[in-house]
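Analysis of the macromolecular model
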Amino acid sequence: MKINGERLWDLITELGEKNRSHNGGINRPAFSQADREAIDTVIKWMKEANLNIRVDAMGNVFGRREGTQKSPVVLTGSHIDAVPNGGMFDGVAGVISSLEVMQTLDENNIKTTLPVEMVVFVNEEGSRFPGGTMGSRAVIGELSEDVPYETLDDHGETLYSAMIKYGAKPDNILEAKRSPHEFHSFIELHIEQGKVLENLAKPIGVVTSISGTRRLHVKISGKSGHAGVTPMDARHDPMVAAAIVIKEIEKIATETSPLTRSTVGYIKALPGGVNVIPSAVEFSVDIRDTDQENIEKATDRIKHNIKSNCKQRKLECEITETQNSEPTLMSVDIREKLKGFAQELKIPTTELTSGAGHDAAVMATVCPSGMIFVRSKDGLSHCPEEYSSKEDLELGAQLLLTVVKNTATL
Ligand code: HGY
Ligand code: MN
Ligand code: MN
């Protein structure tokens, strides 16, 4: 039984043509009109695949195929929300591969023992509304009901308001929780977003573990003033302090371990006038590692450095933690299955860790979870140059079909 590679590629590229920004990347922030249009397109395709559709209060979309047993379910899927000016394969490759699996099972009238579901999780990136993997965290019951009211985007819109416009139910997000007993396993296909597979000339990878992610939102407040009149020795300039600590953030990651990563991807000066000493500067810090101890060490040093620099310069600082996901191991059983089926399918693979965070790390806290990686050209992602080939995506989806069908057939 083979997946339809043409259809897989056509749907990925059709979704990829939507929401293109003027600088060539994908602009599909979570809960935006662009996100709504894209998910409505995917729901249309899911209906054509004869799936029973269910949308939960958070906005996660599930498509279900019944088995001869009622539960537990084999779940597969990913996300379609994108980072600003993002790539067209991040998340989408996994969603459309899951759809292709469901469509192929349907076309071949395959009756599995266990029910199979595909899912599109909302707000995996956490770039518009901080706190990534929000949809999957709602499903495992890890999202507090206050989140829609207290989470704001960069324009000051609440997640609550955006969810209402999107058609989700922010007052009822606790209803999105599903019992862990409902899940047999979760398998996510995703692009690698790094260079390991390309360096080893392997089209497909089997993920062993997913790095932990700690994200901070930092606000340094000082004294605003006139750029031309205020003497240099009379300033309390938060931008200078931000520049000093951001340089330190790079140094701390480099000193912590070869696998520690820290990134300041977002910065904003308030009020933002060219001739105004900022009253405050806000910026994000994203810290990653496969070892929790390194994340803690790097985070503590970064927080300490921010506070001591601010104290020295008589500035105020507020540090808010917006994400805290620990490094997570993938199921050994699923890894062995993936490697075994890849061998049968003659797909060259290697095992590797994931530097990126994924919904699979959240699902792994409630059921055995695994990930299939598809090679990324030049290891690029989160940019318009992100690319995976039709051939590699086809191999990945074929492996996903094989492992889902075999896992759901007892
Ligand atoms: O940030 C990440 O690792 C993922 O792309 N959400
Ligand atoms: Mn992703
Ligand atoms: Mn991403």
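In the block above lies the structure referred to throughout.
Being a predicted model, the structure only gives us computed values, none of them experimental. (Residues numbered from 1 in each chain as written. Chains lettered and ligands numbered in written order. Predicted model: local features only at pLDDT ≥ 70, side-chain atom pairs only at ≥ 80, totals over all residues. Heavy atoms only, no water.)

Now for the overall build of the protein chain. Of regular secondary structure, the protein chain possesses 12 helices and 16 strands. Rg of the C-alpha trace for the protein chain: 22 Å, near the compact-globule value of 22 Å for 410 residues, within the 12% margin. Each principal axis of the C-alpha distribution contributes one length, and for the protein chain these read about 75 × 45 × 40 Å. Counted over contacts in the protein chain with a minimum sequence separation of 6, partners at least 24 positions apart contribute 78%. (Helix = DSSP H or I, 4+ residues; strand = E, 2+ residues; numbered from the N terminus. Rg over C-alpha atoms; globule rule 2.2 N^0.38 Å. Contact = heavy atoms within 4.5 Å.)

Glancing now at helix α1 (residues 5–17). Taking 1.5 Å per residue, 13 residues should reach 18 Å; α1 reaches 18 Å between its end C-alpha atoms and fits that length. For α1, the complete set of buried residues consists of Gly5, Arg7, Leu8, Trp9, Leu11, Ile12, Thr13, Leu15 and Gly16. Contact partners of the buried residues in α1: α2 (33–48), α3 (92–107) and α12 (390–408). By the N-cap criterion, in which a side-chain oxygen at the helix start approaches the backbone nitrogen of a residue two or three places on, α1 is capped by asparagine 4, the distance to glutamate 6 being 3.1 Å. Directly beyond the C-terminal end of α1, a positive phi value near 60 degrees is found at asparagine 19. (Expected span 1.5 Å × (residues − 1). Buried < 20%, exposed > 50% of the residue type's maximum accessible area, 1.4 Å probe, protein only. Polar contact = N/O pair within 3.5 Å; in protein donor to acceptor, adjacent residues only side chain to side chain.)

The subject of this paragraph is the site of ligand 1. Neighbouring ligand 1 are the residues Glu124, Glu125, Arg215, Arg288, Ala356, Gly357 and His382. Measuring from a nitrogen atom of ligand 1, one finds a side-chain N or O atom of glutamate 124 at 2.9 Å. One of the side-chain N or O atoms of histidine 382 is found 3.0 Å from an oxygen atom in ligand 1. The fraction of the free accessible surface of ligand 1 (210 Å²) that becomes covered by protein chains is 93%. The residue inventory of the shell around ligand 1, partitioned by class, reads one nonpolar, two polar and four charged. (Near = heavy atom within 4 Å. Areas by Shrake-Rupley, 256 points an atom, 1.4 Å probe, with all protein chains shown as cover. Nonpolar A, V, L, I, M, F, W, Y, C, P; charged D, E, K, R; others polar.)

It is worth spelling out the pattern of salt bridges at this point. Taken as a whole and judged by the stated rule, the model has 30 salt bridges. Where glutamate 351 meets arginine 335, a salt bridge forms, and the shortest distance between an N and an O atom there is 2.8 Å. Of this pair, glutamate 351 sits in strand β15 (residues 349–354) while arginine 335 sits in helix α10 (residues 332–344), and the two are 16 residues apart along the sequence. Note that glutamate 394 is salt-bridged to lysine 390, the shortest N-O span being 4.0 Å. One end of the pair is glutamate 394 and the other is lysine 390, both in helix α12 and four residues apart, which spans about a single turn. For glutamate 394, a relative accessible area of 25% gives the class partly exposed. (Salt bridge = Lys/Arg side-chain N within 4 Å of Asp/Glu carboxyl O.)

For the manganese ion (ligand 3), the protein coordination sphere consists of Asp90 (OD), Glu125 (OE), Glu125 (OE) and His382 (NE2), at 2.1 to 2.7 Å. Donor residues binding the manganese ion (ligand 3) come from one chain and are separated in sequence as D-x34-E-x256-H. Taken as an interatomic distance, the gap from the manganese ion (ligand 3) to the manganese ion (ligand 2) is 3.4 Å; aspartate 90 donates to each of them. Of this pair, aspartate 90 sits in the loop between β3 (73–79) and α3 while glutamate 125 is found in the loop between β4 (116–121) and α4 (134–139), placing the two residues 35 residues apart along the sequence. Given the relative accessible area of 7%, glutamate 125 is considered buried. (Donors = N, O, S within 2.8 Å, 3.2 Å for Na, K, Ca; no water.)

The subject of this paragraph is the side chain of threonine 41. One can find threonine 41 in helix α2. Leaving out residues up to four positions away in the same chain, threonine 41 has contacts with Leu15 and Lys18.

Turning our eyes to something else, we now look at the nonpolar core. Membership of the largest hydrophobic core comes to 70 residues, with the highest contact counts inside it found for Phe31, Met58 and Ile96. If near-sequence neighbours (up to four positions away) are discounted, isoleucine 96 is found in contact with Leu8, Leu11, Ile12, Leu15 and Trp45. Of all hydrophobic cores here, the second largest spans 21 residues; its members include Phe121, Phe186, Val207 and Met363. (Core = buried A, V, L, I, M, F, W, Y, C linked by side-chain atoms within 4.5 Å.)

With that settled, the discussion passes to the packing of aromatic side chains. Inspection of the entire model under this criterion finds seven aromatic pairs. Consider the rings of phenylalanine 31 and tyrosine 166, whose centres lie 5.0 Å apart with planes at 85 degrees: the pair is edge-to-face. In this pair, phenylalanine 31 sits in the loop between α1 and α2 while tyrosine 166 sits in helix α6 (residues 159–166), placing the two residues 135 residues apart along the sequence. For the pair shown, phenylalanine 31 and tyrosine 166 are each scored as buried. Members of the aromatic cluster, each reached through a chain of ring pairs, are Trp9, Phe89 and Tyr387. Over the face of the ring belonging to tyrosine 166 we find arginine 36, whose NZ or CZ atom lies 4.6 Å from the ring centre. We note arginine 178 situated over the ring of phenylalanine 62; from NZ or CZ to the ring centre the distance is 4.8 Å. (Phe/Tyr/Trp six-rings, centres within 6.5 Å; stacked < 30°, edge-to-face > 60°. Lys NZ or Arg CZ within 6 Å of the ring centre and 35° of its normal.)

Time to look at the environment of glycine 87. Along the polypeptide, glycine 87 turns up in the loop between β3 and α3. Classification of glycine 87 by relative accessible area gives buried; the value is 9%. Along the backbone, glycine 87 and isoleucine 26 are 61 residues apart, and their C-alpha atoms lie at a distance of 5.8 Å. When neighbours within four sequence positions are excluded, glycine 87 is seen to be in contact with Ile26, His382, Cys383 and Glu386.

Our focus in this paragraph is α6. Residues of α6 that are buried include every one of Leu159, Ala162, Met163 and Tyr166, and no others. Angularly, the buried residues of α6 cover 100 degrees about the axis, an arc narrow enough to put them on a single face. (Arc of directions from axis to C-beta.)

This paragraph deals with unusual backbone geometry. Backbone torsion omega between serine 71 and proline 72 reads 0 degrees, so that peptide bond is classified as cis. Structurally, the position occupied by proline 72 is in the loop between β2 (61–65) and β3. The phi dihedral of lysine 346 is positive, around 60 degrees, even though this residue is not glycine. Along the polypeptide, lysine 346 turns up in the loop between α10 and β15. In this structure lysine 346 comes out as exposed when scored by relative accessible area, which is 71%.

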